[in-house]
Amino acid sequence: LAIADYTKAIELNNNDSEAYNNRGIAYGIIGEFDRAIADLDRAIELNPADAEAYNNRGLVYHHNGKIAQAIKDYNRAIEIKPDYAVAYYNRAGGHRKNGEIGRAITDYTKAIELDPGSALAFYERGAAYFQEANRESSLELLDSAIADFSRVIEVNPRYENAYYSRATAYDL
């Protein structure tokens, strides 16, 4: 239904970048990546300063396994809007997918600085610390992971995975 309504809005005003952006998101959610990219391309063409459209296209690329293209779009979103916590968070996920854990931790940290209430950013940074702690046999990184999982629990006591991950970290 959302796609039909966005399509109607576009028919009424084919210069509405927000309608293209939102329809692109909707297509991405249902896995129609080519259509999502086409709509997000059009949104960016209509409004090249729309950081959200770059971020959203990055997400579609990311979910389609095109990590390098996703990171380029996250970079552009951050260039346009340097305080865009979500773009830092998403770029961190791309770096992590590429095995660049240090870069991921840096971006998760920036996302947390910009949005200190983001349980998800704390959780993912904790998971990245945990991953590096295992790889490097580092107690310091393990302590950082535990601290982040504990912070998630403070922010959202119902975040089940944080308890599990913290327990796993304690077991090491």
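Model, not experiment: these values are computed from the prediction.

Calculation rules
- Residues numbered from 1 in each chain as written.
- Predicted model: local features only at pLDDT ≥ 70, side-chain atom pairs only at ≥ 80, totals over all residues.
- Heavy atoms only, no water.
- Phe/Tyr/Trp six-rings, centres within 6.5 Å; stacked < 30°, edge-to-face > 60°.
- Helix = DSSP H or I, 4+ residues; strand = E, 2+ residues; numbered from the N terminus.
- Buried < 20%, exposed > 50% of the residue type's maximum accessible area, 1.4 Å probe, protein only.
- Lys NZ or Arg CZ within 6 Å of the ring centre and 35° of its normal.
- Polar contact = N/O pair within 3.5 Å; in protein donor to acceptor, adjacent residues only side chain to side chain.

Trainee: Could you clarify how one ought to interpret the packing of aromatic side chains in this entry?
Mentor: By the definition in use, this model includes three aromatic pairs. Plain terms: the ring middles of Tyr123 and Phe149 are 5.5 Å apart, the flat faces sit at 45° to each other, and that makes the pair tilted. Here Tyr123 is found in helix 8 (residues 119-136), whereas its partner Phe149 is found in helix 9 (residues 139-155), with 26 residues between them in sequence. Among the residues examined, Tyr123 registers a relative accessible area of 13% and is labelled buried. Relative accessible area serves as the criterion here: at 1%, Phe149 is assigned to the buried category. Ring geometry for Tyr123 versus Tyr159: centroids 5.2 Å apart, planes at 25°, classification stacked. Taken as a pair, Tyr123 in helix 8 and Tyr159 in the loop between helix 9 and helix 10 (160-171) lie far apart in primary sequence, 36 residues in all. For Tyr159, a relative accessible area of 17% corresponds to the buried category. Through pairs of rings, three or more aromatic residues link up here, namely Tyr123, Phe149 and Tyr159. Across from the ring centre of Tyr54, 5.7 Å away, lies the NZ or CZ of Arg76, which sits over that ring.

Trainee: What's the story with the side chain of Ser118 in this structure? I'm lost.
Mentor: If you trace the backbone, Ser118 turns up in the loop between helix 7 (101-114) and helix 8. On the accessibility criterion, Ser118 (16% relative accessible area) is buried. A polar contact of 3.1 Å, which involves the side chain of Ser118, links it to the backbone nitrogen of Ala121.

Structural measurements only, silent on function.
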